[in-house]
Amino acid sequence: MQTFPDLYRGLTGCCLKTYSQVGFRGLYKGTSPALIANMAENSVLFMCSGFCQQVVWKVVGLEKQARLSTVWSVMKSVLRKDGALGFYHGLSSTLLREVPGYFLFFGGSELSRSFFFASGRSKDELGPVPLMLSGGVGGICLWLAVYPVDCVKSRIQVLSMSGKQAGFIGTFISIVKNEGSS
């Protein structure tokens, strides 16, 4: 449906037509590469998550017995401590990071793609190397612009665990005052 938007009338029509033409397995055709990539990505994410949790616990200074071991216990703790709004600590700084960041990411990658295509060829005909380089340029544009905001956002989220966070502006001023701007 993403590649041929006019081929099907909707999700149900797409599923029924695919099923009638190639059977049940047709609904999952092409999922193996995505599944393998997601498995690899998630295994790295969970490994890094465990490591980062240990670092955060040490930085915040919480004892081992005070650690929250399940998603549900964390959710109950946040609700008990800060109410439903506790789930939104760092939201404004996340939005401040994501909106301009992805604007610069897609803008940077599209601009760099335009440098790679020769006259008479479409940007969609680029090979994998120019596409990877363009994505890398987009990523550089994103992170150069949003890294300071990301630093403040992460600090707000960590400090909110100990009740010491002071909002975006207060946290930003504290970082610049205590650690400098570089």
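How each quantity is defined
- Residues numbered from 1 in each chain as written.
- Predicted model: local features only at pLDDT ≥ 70, side-chain atom pairs only at ≥ 80, totals over all residues.
- Heavy atoms only, no water.
- UniProt positions renumbered as here; feature names shortened; annotations may be inferred.
- Axes fitted to C-alpha atoms, helices over the stretch in contact; angles between N-to-C directions.
- Helix = DSSP H or I, 4+ residues; strand = E, 2+ residues; numbered from the N terminus.
- Parallel < 35°, antiparallel > 145°, perpendicular 65-115°, else oblique.
- Contact = heavy atoms within 4.5 Å.
- Nonpolar A, V, L, I, M, F, W, Y, C, P; charged D, E, K, R; others polar.
- Phe/Tyr/Trp six-rings, centres within 6.5 Å; stacked < 30°, edge-to-face > 60°.
- Buried < 20%, exposed > 50% of the residue type's maximum accessible area, 1.4 Å probe, protein only.
- Expected span 1.5 Å × (residues − 1).

- Named according to an unreviewed UniProt entry, the chain is Mitochondrial ornithine transporter 1-like isoform X3 originating from Mustela putorius furo.
- Here the chain is described in UniProt, under the heading Subcellular location (unreviewed entry), as follows: "Mitochondrion membrane".

**Considerations on the packing of helix 5 (residues 128-161) against helix 6 (residues 167-179)**
So, step 1. As a packed pair, helix 5 and helix 6 sit with axes 9 Å apart at the nearest point and diverge in direction by 105°. By the criterion of interaxial angle, the relationship of helix 5 to helix 6 is roughly perpendicular. On helix 6, the residues touching Val149, Cys151, Val152, Arg155 and Ile156 of helix 5 are Gly167, Phe168, Thr171, Phe172, Ile175 and Glu179.
So, step 2. A class-by-class count of the residues in the contact of helix 5 with helix 6 yields seven nonpolar, two polar and two charged.

**Concerning the packing of aromatic side chains**
So, step 1. Evaluated as defined, the whole model comprises five aromatic pairs.
So, step 2. Between Tyr102 and Phe106, the aromatic rings sit 6.3 Å apart at their centres with planes inclined by 35°, giving tilted as the arrangement. Here the residue Tyr102 and the residue Phe106 both occupy positions in helix 4 (residues 91-116), the gap between them amounting to four residues, near one helical turn.
So, step 3. According to the relative accessible area criterion, Tyr102 is partly exposed, its value standing at 40%.
So, step 4. Of the aromatic side chains, those joined through ring pairs into one cluster are Tyr102, Phe105 and Phe106.

**Structural notes on helix 4**
So, step 1. For helix 4, spanning 26 residues, the distance from its first C-alpha to its last is 37 Å, which sits close to the expected 38 Å at 1.5 Å a residue.
So, step 2. Taken together, the buried positions of helix 4 are Ser93, Thr94, Arg97, Gly101, Gly108, Ser109, Ser112 and Arg113.
So, step 3. If you follow the buried residues of helix 4, they end up packed against helix 5 and helix 6.

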